[in-house]
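Working through the structure, step by step
One-letter residues, chain by chain:
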Amino acid sequence: MPNKEKKYKWFFINVALFAIYPVLYVFVYNQQHLDLRDILMPLLIVEVIVWIVWLTVFVILKNVKQTSFITSLSVILFFSFNFIRTITLKSTSISYDLSGLLVLSAYALFPLIFFLGIYISDKKLTKINNFLNITAIILCAFSIYNIVSYQVKAGINDEQQIVVTQTTAAPEILPDIYYIVTDAHARSDILEEIYDIDNSDFINFLKDKGFYVAEKSYTNYPRTILSLSSSLNMEYHDGYDRRLMDISPIKKIFKYNTFQQLVESLGYKTYNFATGLPTVERKNVDYYLSPKGVLNNFHMSIIKMTPLLNIPIRLINYTVFNSRRSRILYTFKNLPEVSKAPGPKFVIAHIIAPHYPFIFKKDGSLVENETAFLLLNEFNINDENSRQEYINSYGEQLKFVDLKLKESITKILENATRPSIIILQADHGPMSHYRTNSLEGSYLKEKFAILNAYYFFDKKYNSLYQSISPVNTFRLISNQYFDKEYKLLEDKSFNTLQSHPYFFQEITDSLEDKLLNNFNEKY
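I will try to describe carefully the structure that is included in this document. These numbers were taken from a predicted model, which means no experiment stands behind them. (Residues numbered from 1 in each chain as written. Predicted model: local features only at pLDDT ≥ 70, side-chain atom pairs only at ≥ 80, totals over all residues. Heavy atoms only, no water.)

Some details on the overall build of the chain
For the record, the criterion: A run of H or I in DSSP counts as a helix once it spans at least four residues, and a run of E counts as a strand once it spans at least two, with each numbered from the N terminus. A 1.4 Å probe and the Shrake-Rupley method give the accessible areas. Residues count as covered only by the protein chains that appear here.
Helix and strand counts for the chain stand at 19 helices and nine strands. As displayed, the chain offers around 24500 Å² of accessible surface, 58% of which is attributable to carbon and sulfur atoms.

Right, dumping it as structure tokens:
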């Protein structure tokens, strides 16, 4: 009897390990964007679901060997969806959507696995399960080794901050500071040139509210983590190996940025709204604000391994869309509420819009055309139809974002019980004519020309200028309101590669060179 129990325990191993391996696999290839604790909840959820499946099959068959075999193979097949689809696409000339349907049809193999488990002899099942155990142990051990080695190299317990000491008395007035980042919000001239949008109504609204609009502003970097870490640290990125692909160093200085440490040393409370993007998610604040029960991009990466997104039921797609939708609406709704809180506060609201995927129409209703392009963030710059769909959908979502910004800004100013500073700034522009992994063949002005507007409670805008870039934003504010003496830097822009984030190429003098009407002729 003890030997039999020991064998049964051995049979359980492959079930447990095959359940966690997909989560480990996704984490390994994305861990530079994630915190180690991000893995815990997905592991728990997947394990619980798999063991519910195991128990269900066991109730039917009353056989541990058969149940373990059927469960493990079903888990492998379920999480192999995207791999099978990729192989199908590479080996055939069928379309992306058709490949999904064909692969879905292959899931008729689930009943086959069930019947195999029933009819294979116990002796053969033992050998098969032994093989599955060894395979599962090797796969999980390899993933765990990669995770541990990466975390040790990155300094898992070495989150040392550069402490900003307060050497002078705090200023008498400590204004609330709102840093509202509208992801990929283009400058007015780009909106008119490419997207056929006249947003003068929105710009006039800002000016009527007392904003200074920098109408010739360019971002310093074309990628969110590079742009935001540069602006909050008030420095350009320098001294990195151009061959380096790991963005952990940038994540670290973004998390423990200079400006946040400065205001914390002055007694500010810090607030951060959730983005759902682990790369730019910051929880080292006094108040981390997020709606309940929403998916982030790590969860989405795990789901994309499975056929769930291709099952033609509204509930699955709605859940995916609704997670991003909920975060955006939650931020717009609660930004004005934060203004009621007592004491000086520094609030970061990074709104992942009008950046794709496009989920809002201009009136705020949910996009109904849940295509792969909208759902999976896929965009082909070489395909004119894809580009036009991007342009149309971007325009719709931008109009909704501007509408909500009007509402939120109006309420912030109405609710404010303290002097306020509002920075409304895009991290970078849109990308209908921009190549992420090539330093050639892009209309750079579209990607770098950004919305950049400032509201100062005292309307002292003498130090602002039309071409100010994000790297100087908090230098100027620190000088003007915290008695600092930062020298404003020369405004520069650097293009880089998605695959090699430190491969910086200064393009400051090239931003006005390439006209859009020449884009297709030249590239």
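Once you've had a look at it, read on.
So, helix H12 (residues 258-265)
Here is the rule: Type-normalised accessible area, obtained with a 1.4 Å probe on protein chains alone, sets the label of each residue: buried when under 20%, exposed when over 50%, and partly exposed for intermediate values. Contacts are assigned to residue pairs that have any heavy atoms within 4.5 Å of one another. Any pair of nitrogen or oxygen atoms within 3.5 Å is treated as a polar contact; in protein, a donor-acceptor pairing is required on top of that, and neighbouring residues in sequence qualify only through side-chain atoms on both sides.
All of the buried residues along H12 are Phe259, Gln260, Gln261, Leu262 and Val263. Looking at the buried residues of H12, the elements they touch are strand S1 (176-182), helix H10 (224-233), helix H11 (248-255), strand S3 (269-273), strand S5 (345-351) and helix H18 (473-482). Of the residues flanking the start of H12, the one acting as N-cap is asparagine 257, its side-chain oxygen 3.4 Å from the backbone nitrogen of phenylalanine 259. Looking one or two residues beyond H12, the residue adopting positive phi is glycine 267, at roughly 100°.

Regarding the pairing of S3
Quick note on the threshold: For two strands to be treated as a pair, DSSP must find at least two bridges joining them.
Burial within S3 is extensive, with four of its five residues counted as buried. Two strands pair when backbone bridges link them, and S3 and strand S4 (residues 287-289) are joined in this way by three bridges, in the parallel orientation. Note on S4: the bridge partner recorded for asparagine 272 is tyrosine 288.

Section: the pattern of salt bridges
The line we're drawing: Note on definitions: salt bridges are taken to be side-chain nitrogens of Lys or Arg within 4 Å of carboxyl oxygens of Asp or Glu.
Applying the stated criterion to the full structure yields eleven salt bridges. Here arginine 418 and aspartate 176 are joined by a salt bridge, their closest N and O atoms 3.0 Å apart. Here arginine 418 is found in the loop between helix H16 (384-415) and strand S6 (420-425), whereas its partner aspartate 176 is found in strand S1, with 242 residues between them in sequence. Two residues, glutamate 215 and lysine 207, come together in a salt bridge whose shortest N-O distance is 2.9 Å.

Side note on helix H2 (residues 40-61)
Inclusion rule: Any helix carries an expected span of 1.5 Å times its number of residues minus one. Each C-beta atom gives one direction from the helix axis, and the arc is the one those directions make.
End to end, H2 covers 32 Å across 22 residues, agreeing with the expected 32 Å (1.5 Å per residue, within 8%). Burial in H2 covers these residues: Pro42, Leu43, Val46, Glu47, Val50, Trp54, Val57 and Leu61. Buried positions in H2, seen along its axis, are confined to an arc of 120° and lie on one side of it. The exposed residues of H2 that point more than 90 degrees off its buried face are Leu40, Ile52 and Val59. A positive backbone phi angle near 55° is found at lysine 62, which sits one or two residues after H2.

Brief notes about unusual backbone geometry
The residue after alanine 353, namely proline 354, is reached through a cis peptide bond having omega 10°. Mapped onto the secondary structure, proline 354 falls in the loop between S5 and helix H15 (372-375). Put simply, tyrosine 356 and proline 357 share a cis peptide bond, and its omega is 10°. Mapped onto the elements of the fold, proline 357 is located in the loop between S5 and H15. Despite not being glycine, lysine 62 has its phi angle at roughly 55°, a positive value. Inspection of the secondary structure assignment puts lysine 62 in the loop between H2 and helix H3 (64-78).

Thoughts on the pairing of S1
Within S1, seven of the seven residues are buried, which leaves the element mostly enclosed by the surrounding structure. Of the two faces of S1, the one holding Asp176, Tyr178, Ile180 and Thr182 and the one holding Ile177, Tyr179 and Val181 are both buried throughout. Pairing of S1 with S6 involves six bridges; the strand directions are parallel. Counterpart to tyrosine 178 in the pairing with S6 is isoleucine 422. The pairing of S1 with S5 spans six bridges and is classified as parallel. The partner of isoleucine 180 across the bridge, within S5, is alanine 349.

Concerning the packing of aromatic side chains
As a reminder, the rule being used: Two aromatic rings from Phe, Tyr or Trp, using only the six-membered ring of Trp, form a pair when their centres are within 6.5 Å; if the ring planes differ by under 30 degrees the pair is stacked, by over 60 it is edge-to-face, and anything between is tilted.
Across all of its chains, the model carries 32 aromatic pairs by this definition. Ring geometry for phenylalanine 273 versus tyrosine 330: centroids 6.3 Å apart, planes at 65°, classification edge-to-face. Here phenylalanine 273 is found in strand S3, whereas its partner tyrosine 330 is found in helix H14 (residues 314-338), with 57 residues between them in sequence. Overall, tyrosine 330 belongs to the partly exposed group, its relative accessible area being 23%.

Here's the deal with the nonpolar core
Note the following rule: Residue types Ala, Val, Leu, Ile, Met, Phe, Trp, Tyr and Cys, when buried and joined through side-chain atoms within 4.5 Å, form a set referred to as a nonpolar core.
Core analysis: the biggest nonpolar cluster contains 76 residues, and Ile177, Leu206, Phe346, Phe474 and Phe482 have the highest contact counts within it. Setting aside residues up to four positions removed in sequence, phenylalanine 482 forms contacts with Pro171, Leu174, Pro175, Ile177, Phe259, Leu262, Val263, Leu266, Tyr268 and Ile477. Listed in part, the 26 residues of the second largest apolar core include Ala19, Val23, Val75 and Ile302.

Notes on the packing of H12 against H18
Here is the rule we go by: The angle between two axes is taken between their N-to-C directions and runs from 0 to 180 degrees, where each axis is a line fitted to C-alpha atoms and a helix contributes only its stretch in contact. Convention used here: angles under 35 degrees read as roughly parallel, angles over 145 as roughly antiparallel, angles from 65 to 115 as roughly perpendicular, and any remaining angle as oblique. The crossing is said to be left-handed when, going from far helix to near helix, the turn is anticlockwise and less than a right angle, and right-handed when the turn is clockwise. Note on residue classes: Ala, Val, Leu, Ile, Met, Phe, Trp, Tyr, Cys and Pro are nonpolar, Asp, Glu, Lys and Arg are charged, and everything else, Gly too, is polar.
At a closest axis distance of 11 Å, the pairing of H12 and H18 adopts a crossing angle of 20°. One finds that H12 runs roughly parallel with respect to H18. H18 is crossed by H12, and the crossing has left-handed handedness. Contacts between H12 and H18 involve Phe259, Leu262 and Val263 from the first element and Phe474, Ile477, Ser478 and Phe482 from the second. Here the contact of H12 with H18 is composed, by residue class, of six nonpolar, one polar and no charged.

Here's the deal with the packing of helix H8 (residues 188-195) against H16
Contact geometry of H8 with H16 gives a least axis separation of 11 Å together with a crossing angle of 140°. In terms of orientation, H8 and H16 fall into the oblique class. By crossing handedness, the relation of H8 to H16 is classed as left-handed. Facing Leu191, Ile194 and Tyr195 of H8, the residues of H16 in contact are Tyr390, Ile391, Tyr394 and Leu398.

Things to note about a nonpolar patch on the surface
Our working definition: Patches here are clusters of residues that have more than 30% relative accessible area and form no salt bridge, with a 9 Å joining cutoff for like charges and a 5 Å cutoff for nonpolar side chains (Val, Leu, Ile, Met, Phe, Trp, Tyr).
Taken together, the side chains of Met41, Leu44, Ile45, Val48, Ile49, Ile52 and Val53 define a hydrophobic patch exposed on the protein surface, amounting to about 630 Å² of accessible area. On the secondary structure map, isoleucine 45 appears in helix H2.

Looking at the environment of threonine 331
Here threonine 331 shows up in helix H14. A residue is classified by how much of its surface remains accessible, and threonine 331, at 2% relative accessible area, is buried. Measuring from C-alpha to C-alpha, the distance between threonine 331 and isoleucine 351 comes to 7.3 Å, with 20 residues separating the pair along the chain. Once residues within four sequence positions are removed from consideration, threonine 331 is found in contact with Phe273, Ala274, Ala349 and Ile351.

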